[in-house]
Structure formats: structure tokens, C-alpha cells
Number of protein chains: 2
Amino acid sequence: MAAIDFFYEFASTYSYITAMRIAPLAHAAGVTVRWRPFLLGPIFKAQGWDTSPFNLYPAKGRYMVRDCERQCAALGIAFHIPEPFPQHTLLAARVATIAMTEGWGEDFSRAVYRAQFAEHRNIGEPPVIDAIVRKLGRDSSAALARAQADDIKQSLRTTTEEAQRVGIFGAPSFVARGELFWGNDRLEQALAFAST
Amino acid sequence: MAAIDFFYEFASTYSYITAMRIAPLAHAAGVTVRWRPFLLGPIFKAQGWDTSPFNLYPAKGRYMVRDCERQCAALGIAFHIPEPFPQHTLLAARVATIAMTEGWGEDFSRAVYRAQFAEHRNIGEPPVIDAIVRKLGRDSSAALARAQADDIKQSLRTTTEEAQRVGIFGAPSFVARGELFWGNDRLEQALAFAST
């Protein structure tokens, strides 16, 4: 079956938009999606950035907010820019790494995005992640403890290194049949490419 | 009649793609396009860049080339990355500024883009611009002389300042009913917004 890798960073506004719309589109295209939570921080750091380019370049940041407002309004989903921006996503990404192996990774990821961009919650705070996991009916104490285990830390690190190796420099990014596609705007093209 | 401003920089790969497809799309949407050649150099310089971000961030640069190849293949237009990249565009932008007031600005702009991205010519060289103007049946000596006149230099500077004032940080950009849209990917949305 046709497949794509969907690389996403929890702090990324455009990754939020993709996460909210990828499942039905992929289903309609007959494409399986491998959800790949990773961290943009180390990739930004490697090119000399210590925060989001939307903070480093204010004109681009202001435009991004307006653009996301328009894109989300057209899709009928909520959007506000979180405070602080970007949020700390290490814990969310580690829990997502666990959840992906246990079958609740997609639901968890969407819930984290909703909490951040629709419900004004700070996903950098462990109680917020704890509440999300509980609401999904999962053992949150176990998940939050396991998030500190070496193999989980290493697994997330490996995904981030793979992202860097295939040339990823932003999120969301898609890999379909060895080709890289960057940005929520390229989702349809990546799905079409995967299924040909 | 509905209208949009199309801000473009001659060195910009995605501006090339827009320039090649905007006319029929705008016509179909019933939208008038004001072609606004400007310079990205001063805007990049103001945010600390001395060359294209595609050179400063090589992973992004490599991706851009592949993405433009795919987008252009889908549109049936040629694409190669020019050497050097980015090219010097001051003369082309000044001649375009003149040409816009004389009714041959669109044809000149498309010819400059074709020369650079389809015909392997260096648009930073005055003889290349001279040949383009001649081929359009215009008085090239007059145009190249006038390109050094103070009012033309100032007119281009004014457009670039306007671009910066409305929040433009890259090209192509569109302004429709006071709203900014960035990137070739937003052309359809800008046209739809202009005509509602």
C-alpha cells in the first residue's frame, strides 16, 4: 500500500493544520500515513537559530499568524497563537513517541495540537500533558514515567536525526517514495505522489 | 473592478512561476493585476542577510530547487537554477519600472524570467537586458539610458519601501483589499479574496 511519512513538530503552527486534516485526505487517496513526531529545535540550532524563525523575523511572524488565521477559518478549525511561542515540546514529543507504538499516537497528537492552538493551554507544562493522556483513557503515570526512559529519549533523537538526514529544515514535512515535500501546502501533492 | 498588487523580484524562483501563470488566472477571476517589480535585497539586508536565504540555509536551498522542478514540470514550463544565484536584478527592475509606465512591462518581465530560468542567460549582464528590450521592438538605448535617471531610481526605491511598509519579507507577494498573501502557493487565494 502507498505510504508517506509525516514529520511534525508540536510547536509548529502549520503542523497543527496538517494534523487536523491529513487523516481523511490520506484515506481518500488510499495512502497510509506514518506519523513521525520529531524536534525542530536541534535542526534550527544547527543552522544558528535559538528560537523559531517567526520570532527571529518579525514580519514573517506577523504574516504567519494572519495566514494561519485565514487557513484555519477556511477549514473551520480554531486558531490562536500560543503564549509563549514556541512552546516547549520535548515531553509531548516523547509521550507521542511512546503512544505511536501503542496505537494512541494520532489521537494524542491531535489532542496536544488542540490544547495548544484551540484551548489556550501550555503544552510545555507536564500537568497539561497528563490531563490529555488521562482523557484518552490511558495510564498517564506510566506514560510520563516511561517518557524519561533512555530508549524513548533515544528513539525521538533517532527520528530527529533521520529528519535532518533526509534534508528536513521545517515542519510539517512529508517523505513519499524518497521525495521530500515541505509545508502544509504540499500535503495534497505528497499524497498524490505517494499513490502514483 | 477587483484588483491585486503583485510584488515580484526578478531573482526569485517562485516569482518566476507566478509571473508565468498569473495572467490567465487573473483574467478568469475578473481581477486586474498591478505588476510591482521591487528589490528584495534591501529587505533581506534589513534583517541581516547579505544573500538569498536559499544560499544561507543550504537544506532549504536544495529543497527549493527540487520543489521548483516539480512545480514547473506540472505546469509544463522549463526550470533550471541560474548561475550565479541570485542574479543581479537592479537593471532589470529599473527597466521594468520604466516599461510598466509604457505598457510593455508584463511582456518584459516574462521575457526576463524566461531568459534567466529557461534560457540559461545571466540577467545581471546589460547586453542580456538590451537584447530582451530589442526583441520586444522597443528602443533599448533609450530605455537603458533612462534606467539611470534619478526619477526611475527613486520610483523603484519607493516601491521597495512600500513593500517593506506593508510587511513584505519575500517574493512573490500579493496585496488584495489590504491583506497580504505570500508565495506562489497563495496566488489563487489572493485572487479569490480580491474578487469577493
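This report concerns the structure included in the present document. On a predicted model such as this, the values are computed, not experimentally measured, just so you know.

### Structural notes on the overall build of chain A
Within chain A, the regular secondary structure consists of 10 helices and four strands. In chain A, the succession of α and β elements from N to C terminus is β-α-β-α-α-α-α-α-α-α-α-β-β-α. Relative to its length of 196 residues, chain A is compact, with a C-alpha radius of gyration of 16 Å against a globular reference of 16 Å. Along the first, second and third principal axes, the C-alpha set of chain A runs to 40 × 40 × 35 Å. Carbon together with sulfur atoms contributes 54% to the accessible area of chain A, which is approximately 8600 Å² in total.

### Looking at the environment of lysine 60 of chain A
Within the fold, lysine 60 of chain A resides in helix α4 (residues 58-75). For lysine 60 of chain A, a relative accessible area of 18% gives the class buried. Residues within four places of lysine 60 of chain A in sequence aside, it is in contact with Phe54 of chain A together with Lys60, Phe169 and Trp182 of chain B.

### Quick notes on the pattern of salt bridges
Residues and elements named next belong to chain A. Per the stated rule, a full pass over the model turns up 30 salt bridges over all chains. A salt bridge links aspartate 5 to arginine 36; its shortest N-O distance comes to 2.5 Å. Taken together, the residues span a long stretch of sequence, with aspartate 5 in strand β1 (residues 2-8) and arginine 36 in strand β2 (residues 31-37) at a distance of 31 residues. Take aspartate 5 and arginine 36: they sit in the same class, and that class is buried. The residue glutamate 162 makes a salt bridge to arginine 36 at a minimum N-O spacing of 2.8 Å.

### Brief notes about the environment of threonine 13 of chain A
Residue and element names in this part refer to chain A. With respect to the helices, strands and loops of the structure, threonine 13 is situated in helix α1 (residues 13-29). In this structure threonine 13 comes out as buried when scored by relative accessible area, which is 1%. Counting along the chain gives 21 residues from threonine 13 to arginine 34, while the straight-line C-alpha distance between them is 20 Å.

### Some words on the relation of the copies chain A and chain B
When chain A is brought onto chain B, the operation consists of a screw motion whose angular component is 180 degrees and whose axial shift is 0.0 Å, with 0.0 Å RMSD remaining. Here the symmetry operator amounts to a two-fold rotation axis. Closest to the rotation axis within chain A is the C-alpha of aspartate 185 of chain A, separated from it by 3.7 Å. Both copies present the same face, since 100% of the interface residues in chain A are matched by interface residues at the equivalent positions in chain B.

### Observations concerning the sheet that holds β2 of chain A
All names here are of chain A. Taken in spatial order, the four strands make up an open sheet running β2-β1-β3-β4, and their pairing is mixed. Every interior strand has two partners, whereas the edge strands, β2 and β4 (179-182), have only one. On average, adjacent strands in this sheet sit at an angle of 25 degrees to one another, irrespective of strand direction. Bridge analysis of β1 against β2 gives seven bridges, and the strand direction is parallel. Bridge pairing in β2 places aspartate 5 opposite arginine 34. Packed onto the sheet, helix α5 (residues 90-102) meets β1 and β2 and runs at close to 140 degrees relative to β2.

### Observations concerning the packing of helix α5 (residues 90-102) of chain B against helix α9 (residues 150-165) of chain B
The relative placement of two packed helices is expressed as an angle between their axes plus a distance between the axes. Residues and elements named next belong to chain B. At a minimum axis separation of 9 Å, α5 and α9 run at an interaxial angle of 100 degrees. Relative to α9, α5 is oriented roughly perpendicular. Seen from α5, the contacting residues are Leu90, Ala93, Arg94, Thr97 and Ile98; seen from α9, they are Ile152, Lys153, Ser155 and Leu156. For the contact of α5 with α9, the residue count by class is five nonpolar, two polar and two charged.

Rules used in this analysis
Residues numbered from 1 in each chain as written. Chains lettered and ligands numbered in written order. Predicted model: local features only at pLDDT ≥ 70, side-chain atom pairs only at ≥ 80, totals over all residues. Heavy atoms only, no water. Helix = DSSP H or I, 4+ residues; strand = E, 2+ residues; numbered from the N terminus. Rg over C-alpha atoms; globule rule 2.2 N^0.38 Å. Areas by Shrake-Rupley, 256 points an atom, 1.4 Å probe, with all protein chains shown as cover. Buried < 20%, exposed > 50% of the residue type's maximum accessible area, 1.4 Å probe, protein only. Contact = heavy atoms within 4.5 Å. Salt bridge = Lys/Arg side-chain N within 4 Å of Asp/Glu carboxyl O. Least-squares fit on C-alpha atoms with pLDDT ≥ 70 in both. Pairing = 2+ DSSP bridges. Axes fitted to C-alpha atoms, helices over the stretch in contact; angles between N-to-C directions. Parallel < 35°, antiparallel > 145°, perpendicular 65-115°, else oblique. Nonpolar A, V, L, I, M, F, W, Y, C, P; charged D, E, K, R; others polar.

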